[in-house]
Amino acid sequence: MKIIIVGASGTMGKHLAGAFETGHEVITAASKGCDIQVDITSTASIENMFKQAGTFDALISTAGPTFIGPLEKMTDKEFRKGVDGKMMGQINLVLIGQHYINPKGSFTLITGALTHEPQLNFANASAANGAVEGFVRAAAIELENGIRINAVSPTVIENSPHYFPFFPGDIPVTMQQLEYGFRKAVFGANTGQIIKPY
Ligand SMILES: NC(=O)c1ccc[n+]([C@@H]2O[C@H](COP(=O)([O-])OP(=O)(O)OC[C@H]3O[C@@H](n4cnc5c(N)ncnc54)[C@H](OP(=O)(O)O)[C@@H]3O)[C@@H](O)[C@H]2O)c1
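Note that the structure is a prediction, hence the values are computed from the model and not measured. (Residues numbered from 1 in each chain as written. Predicted model: local features only at pLDDT ≥ 70, side-chain atom pairs only at ≥ 80, totals over all residues. Heavy atoms only, no water.)

## Focus: the pairing of strand β5 (residues 101-110)
The two faces of the sheet receive side chains in turn, since in a regular strand these alternate between them. We apply this condition: Type-normalised accessible area, obtained with a 1.4 Å probe on protein chains alone, sets the label of each residue: buried when under 20%, exposed when over 50%, and partly exposed for intermediate values. Strands are runs of DSSP state E lasting at least two residues, helices are runs of H or I lasting at least four, and both sets are numbered from the N terminus onward. Two strands are counted as paired when DSSP detects at least two bridges linking them. The definition of a right-handed crossover adopted here requires that, viewed with the strands pointing away, the path from the first strand over the helix to the second runs clockwise.
By the criterion of burial, β5 is predominantly enclosed, with seven of the ten residues buried. Pairing geometry for strand β4 (residues 56-61) and β5, over four bridges, is parallel. Across the sheet, residue A58 finds its bridge partner in β5, namely S106. A crossover connection joins β4 to the parallel β5 through helix α3 (residues 76-97); in handedness this β-α-β unit is right-handed.

So this is what it looks like as structure tokens:
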């Protein structure tokens, strides 16, 4: 399977690229330092990525920039980070990618437990997650040629200890649980699902 991983230089993406490169052709993408450089806030850049990659079987996105900070200090400008990044960036990966993906291919986007379990300082991520999850459910009933779409929604993950204090009481998701959530999305048959790997 030819798998594009957008966000492949990050904490999640690095692990997934390592896990999936056995037995698959993995193409890594991020703003810098990967097989392909892409800025998901730019539709031209996304189009350019797909042109470089060519047709593919699965796209995984673990790129979802958001603003982290208190609501009191948040303005339209900060909020746009999640709207242009985690929300529209990932949605545009699908809107553009649908014209490059092979029949029976799949899209797997990243959201997070913050959709339904808010934490202080993460209103931007909660909102972006909710939008992406709504899009996943809706796109699933329109994508043609057996193309599937799902989201993986973990709570804080074991390789991100700097986030532990923001998620009191949450048992971190192990990297193996995270990986198997993505395995279910990419290699399973589900579509329109929000997969909680815990
Ligand atoms: N870490 C957690 O505990 C956790 C838990 C639940 C959900 N999440 C969500 O999961 C996602 C990934 O988390 P992570 O911890 O793996 O993040 P990370 O370590 O910060 O990695 C983010 C990746 O996305 C890329 N990226 C960021 N902005 C981009 C852009 N505009 N265009 C292209 N690539 C871009 C980064 O590449 P560059 O550095 O080159 O830009 C990097 O490869 C985030 O949306 C986060 O909200 C994280």
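## Things to note about helix α5 (residues 175-187)
Heads up, the rule is: How far a helix is expected to stretch is found by multiplying one less than its residue total by 1.5 Å. This arc is built from the directions going out from the helix axis to the C-beta atoms. Residues are treated as being in contact if the distance between any of their heavy atoms lies within 4.5 Å.
Over its 13 residues, α5 extends 18 Å from the first C-alpha to the last, a length consistent with the 18 Å expected when each residue adds 1.5 Å. Among all positions of α5, only M175, L178, E179, G181, F182, A185 and V186 are buried. Take α5 and look down its axis: the buried residues cluster within an arc of 155°, on one side only. Contacts made by the buried residues of α5 are with α1 (11-20), β4, β5, β6 (148-152) and β7 (194-195).

Treat this as a map of the structure, not an account of what it does.
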